[in-house]
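Spelled out, the chains give:
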Amino acid sequence: MNNLKVMILGSNGAIGSFLGRIFSTSGYTVYGIDKQNSGNYASYSKIDLLNPISNIDGLFNGVDVIIFSLPEMVAIKALPWVLSAINNNTLIVSTCSVQEPFYSSLKSISPQQPFIGINPMFSPSLQEKNRPVILIVENMHSEHQLIELVLNKSQMHITKMLPEEHDKIMALCQVLPHAVILIFGLVLKSNLIDINVLYNVMPPPMRTMLALLSRILLNSKEIYWDIQYENYMAVEIRKNILNEISLLDSIIQSGDKMKFNDSLDEIKLKLEKLIYTSHTDCQYIFQYLNNDKKE
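J.: Is there a simple way to think about the packing of helix α3 (residues 100–109) against helix α5 (residues 163–190) in this case?
T.: When two helices pack together, their arrangement is given by the angle between the helix axes and by the axis-to-axis distance. Relative to each other, α3 and α5 sit at 160°, their axes nearing to 8 Å. Classified by the angle between their axes, α3 and α5 sit roughly antiparallel to one another. Two packed elements cross with a definite hand, and for α3 against α5 that hand is left-handed. Contacts between α3 and α5 involve Glu100, Pro101 and Tyr103 on the former and, on the latter, Pro163, Glu164 and Asp167. Residues of the contact of α3 with α5, tallied by class, amount to three nonpolar, no polar and three charged.

J.: Would you explain the packing of aromatic side chains in this entry?
T.: Two descriptors summarise a pair of aromatic rings, namely the distance from one centre to the other and the angle between the planes of the rings. Under the definition given, this model contains six aromatic pairs. Here the aromatic rings of Phe23 and Tyr28 are separated by 6.0 Å at their centres, their planes lie at 65°, and the arrangement is edge-to-face. Note on Tyr28: relative accessible area 7%, which makes it buried. Centre to centre, the rings of Phe102 and Phe115 are 6.5 Å apart; their planes meet at 35°, and the pair counts as tilted. Note that Phe102 is positioned in helix α3 and Phe115 in strand β6 (residues 115–120), a separation of 13 residues in sequence. We classify Phe102 as buried; its relative accessible area is 0%. Overall, Phe115 belongs to the buried group, its relative accessible area being 0%. Among the aromatic residues, ring-to-ring pairing joins Phe68, Phe102, Tyr103 and Phe115 into one connected group.

J.: I'm lost on the state of the cysteines in this one. Help?
T.: What makes a disulfide is a covalent bond joining the sulfur atoms belonging to two cysteines. Scanning the model with the defined rule gives zero disulfides in all. Cysteine Cys173 shares no disulfide, and the gap to the nearest cysteine sulfur, in Cys96, comes to 18 Å.

Cut-offs used in this document
Residues numbered from 1 in each chain as written. Predicted model: local features only at pLDDT ≥ 70, side-chain atom pairs only at ≥ 80, totals over all residues. Heavy atoms only, no water. Axes fitted to C-alpha atoms, helices over the stretch in contact; angles between N-to-C directions. Helix = DSSP H or I, 4+ residues; strand = E, 2+ residues; numbered from the N terminus. Parallel < 35°, antiparallel > 145°, perpendicular 65-115°, else oblique. Left-handed = near helix turned anticlockwise from the far one by under 90°. Contact = heavy atoms within 4.5 Å. Nonpolar A, V, L, I, M, F, W, Y, C, P; charged D, E, K, R; others polar. Phe/Tyr/Trp six-rings, centres within 6.5 Å; stacked < 30°, edge-to-face > 60°. Buried < 20%, exposed > 50% of the residue type's maximum accessible area, 1.4 Å probe, protein only. Disulfide = S-S within 2.5 Å.

Following this line, the structure appears as structure tokens:
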């Protein structure tokens with residue numbers, strides 16, 4: 001099985017490099033395509049995927065798996081010429097943060113083409129061991145042993161989802177927290193208080209928010225733009241945020257303490273037993289921050 005050849009489009013990006021490493025470590029022959037300078041691959045081609053060179057006929061010869069490690073719109077635009085150069089047994093793998101548009105585009109061109117999506121639910125710069133990864137499948141009975149074996153070998157925890165289900169969950173997992181953190185940053189920016197004075201008295205909840213904001217600011221802006229812009233369900237999430245802020249403000253302005261308490265009880269009911277696990281997580285974080293500040 002390790003004689004299978006894997007081609008990564010966008011091989012020098014964060015996700016492409018990450019997948020190239022874990023497939024290579026698992027013994028597969030990995031080829032790379034990117035418009036940037038070469039990486040550490042068995043073979044590498046420098047190609048602009050939106051303006052491919054004319055002599056690409058033999059580019060995909062013998063390739064069993066093609067991974068689209070590209071922004072969603074670039075991946076969709078590159079699909080037609082890639083599909084024209086391969087047979088309908090080649091497995092297409094998408095790493096798009098939003099999966100349904102790519103999947104629909106693929107099936108409209110080549111309905112029989114095998115498909116799977118991969119979404120590592122962590123930064124590619126972090127260690128993959130014990131971290132969650134989502135496999136996006138055509139149906140819940142789909143089997144892609146090659147992909148699953150590689151991810152299991154890296155000791156990642158796999159959860160399977162359908163494309164639309166994935167996008168809906170990502171709207172909550174990514175759009176919601178990042179939008180709230182960005183709003184936190186925008187409020188900080190507009191406030192005239194000296195940030196260094198503020199930092200000296202920050203309680204752990206605010207330091208945690210600042211840590212999350214700082215992580216965003218030191219990463220690529222493109223990541224967070226894609227999260228908010230590319231997911232077709234993101235607009236609804238941001239509307240929910242605005243509505244709930246408005247509702248909270250009206251409760252406080254009216255002095256309705258009973259409604260405030262009822263709202264907290266409703267949230268608690270929604271979390272069920274997870275509230276205790278998450279409370280423990282918070283204690284660990286706050287304890288670390290308190291000890292760190294003392295040092």
